[in-house]
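Inside the fold
Spelled out, the chains give:
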Amino acid sequence: MIDRRLIREQPEKIRAALRHRGYEFDLDELVEVEKRRRELLAIVESGRAQRNALSEQIGRLMQEGSDAQSLKQKATALGEELTQHEEELGQVEEQFEALMLELPNIPLEEVPIGESEEDNVVVYTKGKIRRFDFTPVGHWELGERLGILNFQVAAKQAGARFATDVGAGATLERALINFMLDTHTRKHGYTEVLPPFLANERSCYGTANLPKFEEDLFKTTDGLYLVPTAEVPLTNMHQDEILTADELPKYYTAYTACFRSEAGAAGKETRGLIRVHQFHKVELMKFVKPEESDEELEKLVQNAESIIQALELPYRRMHLCTGDMGFQPRQTFDLEAYFPAMDRWLELSSCSQYGDFQARRCNTRYRPHPKAKPEFVHTMNGSGLAAGRTMAAIIENYQQEDGTVVIPDVLRPYMGGMAEITPPLP
RNA sequence: GGAGAGGUGGCCGAGCGGCUGAAGGCGGUCGCCUGCUAAGCGACUAUGGGGGUAUAAGCUUCCAUCGAGGGUUCGAAUCCCUCCCUCUCCGCCA
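Since we're looking at a predicted model, the values are computed, not measured.

Here we come to the sheet that holds strand 7 (residues 242-244). The strand order across the open sheet built from 3 strands is 7-13-14, with neighbouring strands paired in mixed fashion. Pairing within the sheet leaves two strands with one partner each, and these edge strands are strand 7 and strand 14 (375-376). Both strand 7 and strand 13 (residues 365-367) contribute to a ladder of 3 bridges, which runs parallel. Within strand 13, the position partnered with I242 by the bridge is R365.

Below is the structure:
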């Protein structure tokens, strides 16, 4: 949610943002509703002021023991008229809120303007792309051959677009999660959180997964949602709270399973572990002062990158353009690893800053000084990293001609010293 | 799941139909006092929204908010209903 004052003070700024995003939205309607809301509010408030004054008078008269009957009648009549206006205001307010919730964030000026994925900008590429003297095999195929990934079993257990890790595969993914959490807590100063994997409606509104993206979420029969990312519980850690300045910045990291219904998605990218209904991720999340926002985002991106670097995977950093960016962020950087079998770069991490967009929805504020008025904090988050995709990247990049997958050095202590995953004997 | 108790400002806590946006305390800010420290004294100290004025802040006025939503009433923190949450006890369970 953006500052409502922008609606009447800088509608052109919003209009430009919508255009750059290629986002359909009836801004004129919102401007109109906002105006109507203020008009009605003035009427209702003066009506209330009159009623309050009358009531006070009645109270005084009755205490004196005087007759207040005629004033009461007057108040009743006033009340009836007021109720009508209040109802109208209620409707307009509802309309206004609904529209505000559907309005996306305003991209920062430095975000490249573009229409699609094609217009994203490569900030830099790091690591060496390995040259294979054999044809690399896709992680889904190699994983099945090694007996560490089983999509048939997953289909029986749950359905299409699920994955079951078995044996060394399960150990590898767990090793990745542990390595990531240890790195972020011990080296980067994040506080580890293990939150509920279900979130209520309010929390999903807080991160703006609701109301616009309900079709992406799994909903339980009692109205809770399976978390699509740890961003949801983490961003709501301080819902309705006023933090003190010296508490900021706050760094949180959490492992959660992530559930996405992705109803519409289909195609090439759905192979193997790339796009599944449940995956595993370690998330990084920060609450910061507005003036520290950019600097903190940069550190967060580097924290995520450090994992890819430690795993020695080739990757690149992308600056997402206005057209490819999500609804909520002001700015997003993606970290994409190279997948040799697919000959594609795929996102392992997406790091976004939101400004006060989510903080407004979560009502998370802080006092810049002990006596100062509360202001909204800034939030940001990024994957640090998506474990399933990272495992897929390892399988593809570390495969040998004989079908063996070498375990990256940093993970070996997490796997009881295992150095490679070898195919079962025929 | 059952039974009981409760949800009030940054925190604790009083109030149980009108003069209560809310006593008192803690915390905080500013000032005074004290040759360090501690203590003491005084003032100020909720949030959001609309309007006026000034636009760097500010000042002023009105409205709303005592878990959320509805109801009764001229008037609700206070009475009634529904829901949510917390605590205690019982049951069930990894």
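Moving on from the coordinates now.
Next up on the list: the protein's contact with RNA strand B. Every one of the 24 residues lining RNA strand B counts as a neighbour, but E45, R48, S55, Q63 and R365 are closest to it. Of all RNA strand B atoms lying within 4 Å of any protein atom, the proportion belonging to sugar or phosphate reaches 68%. In this structure, a phosphate oxygen belonging to RNA strand B sits 3.2 Å away from a side-chain N or O atom of R38. The contact in question runs from a phosphate oxygen of RNA strand B to an N or O atom on the side chain of N52, over 3.2 Å. Sorting the residues of the surface near RNA strand B by element identifies helix 3 (27-64), helix 4 (69-101) and strand 13 as the ones contributing at least two each. Here the element with the most residues in the surface near RNA strand B is helix 3; it accounts for 13 residues. Of the residues belonging to the surface near RNA strand B, the class tally is 8 nonpolar, 5 polar and 11 charged.

Here L320 lies in the loop between strand 10 (315-319) and strand 11 (331-339). The exposure class of L320 is buried, given its relative accessible area of 5%. Through-space distance from the C-alpha of L320 to that of P112 is 7.1 Å; in sequence the pair is 208 residues apart. Those residues within four positions of L320 in sequence are excluded, and the remaining contacts are V111, P112, N120, M325, T332 and D334.

This brings us to the pattern of salt bridges. Taken as a whole and judged by the stated rule, the model has 25 salt bridges. Across the pair E305 and R317 runs a salt bridge whose closest N-O atoms are separated by 4.0 Å. Of this pair, E305 sits in helix 10 (residues 293-310) while R317 sits in strand 10, and the two are 12 residues apart along the sequence. In this structure R317 comes out as buried when scored by relative accessible area, which is 3%. A network of salt bridges, in which partner residues are shared, links D3, R5, R330, D356 and R360.

Moving on: the pairing of strand 11. For strand 11, the tally of buried residues reaches 9 of 9 residues, placing the bulk of the element in the interior. Burial of strand 11 is two-sided: the residues Q331, F333, L335, A337 and F339 facing one way and the residues T332, D334, E336 and Y338 facing the other way are all buried. Across 5 bridges, the pairing between strand 10 and strand 11 is antiparallel. The residue bridging H319 from the neighbouring strand is F333, located in strand 11. Two elements, strand 11 and strand 12 (residues 344-355), share 9 bridges in a ladder whose sense is antiparallel. Each residue of the ladder has a partner; that of F333, found in strand 12, is C351.

Our next topic: the side chain of E231. Residue position: E231 is located in helix 9 (residues 231-235). Look at E231: it is buried, it has no salt bridge, and the nearest opposite charge is K281 at 6.4 Å. A distance of 2.8 Å separates polar atoms of two side chains, one belonging to E231 and the other to Q358. Not counting residues up to four positions away in its chain, the partners in contact with E231 are T207, E283, Y354, Q358 and N381.

Interfaces are often sized by the amount of accessible area the parts lose when they come together. Examined at the domain level, chain A breaks down into domain 1 (5-101) and domain 2 (117-421). Here domain 1 and domain 2 have C-alpha centroids that lie 43 Å from each other. Contacts between the two partners involve 5 residues from domain 1 and, on the opposite side, 10 residues from domain 2. Buried surface at the junction of domain 1 and domain 2, summed over both partners, amounts to about 650 Å²; 46% is from carbon and sulfur atoms.

Here is what the cut-offs are and how they apply
Residues take numbers from 1 onward in each chain, read along the sequence in its written order. Following the order in which they are written, the chains are lettered starting with A and the ligands numbered starting with 1. Side-chain atom pairs in this predicted model are given and counted only at pLDDT of 80 or more, local residue features only at pLDDT of at least 70, and totals for whole chains, interfaces and linings cover all residues. Each side-chain value is worked out from all heavy atoms of the structure, with water and hydrogens disregarded. Strands are treated as partners if at least two bridges between them are detected by DSSP. Numbering of helices and strands runs from the N terminus, with a helix taken as a DSSP run of H or I at least four residues long and a strand as a DSSP run of E at least two residues long. Residues are counted as near a molecule or strand when any one of their heavy atoms sits within 4 Å of it. Polar contacts here mean pairs of N or O atoms no more than 3.5 Å apart (in protein, one a potential hydrogen donor and the other a potential acceptor; neighbouring residues in sequence count only if both atoms are side-chain atoms). Under the scheme applied here, ten amino acids are nonpolar (Ala, Val, Leu, Ile, Met, Phe, Trp, Tyr, Cys and Pro), four are charged (Asp, Glu, Lys and Arg), and all others, including Gly, are polar. Burial status follows relative accessibility: with a 1.4 Å probe on protein chains alone, a residue under 20% of its type maximum counts as buried, one over 50% as exposed, and anything between as partly exposed. Residue contacts are defined here by distance: any two heavy atoms, one from each residue, within 4.5 Å place the two residues in contact. Within this document, salt bridges are pairs made up of a side-chain nitrogen of Lys or Arg and a carboxyl oxygen of Asp or Glu, the two lying within 4 Å of each other. Note that His is not counted, nor are the chain ends; the positive residues are Lys and Arg, and the negative ones are Asp and Glu. Each domain's limits were defined by an automated method or a database of domain assignments. Simply put, the buried area is the total loss of 1.4 Å probe accessible area from both parts when two parts are fitted together.

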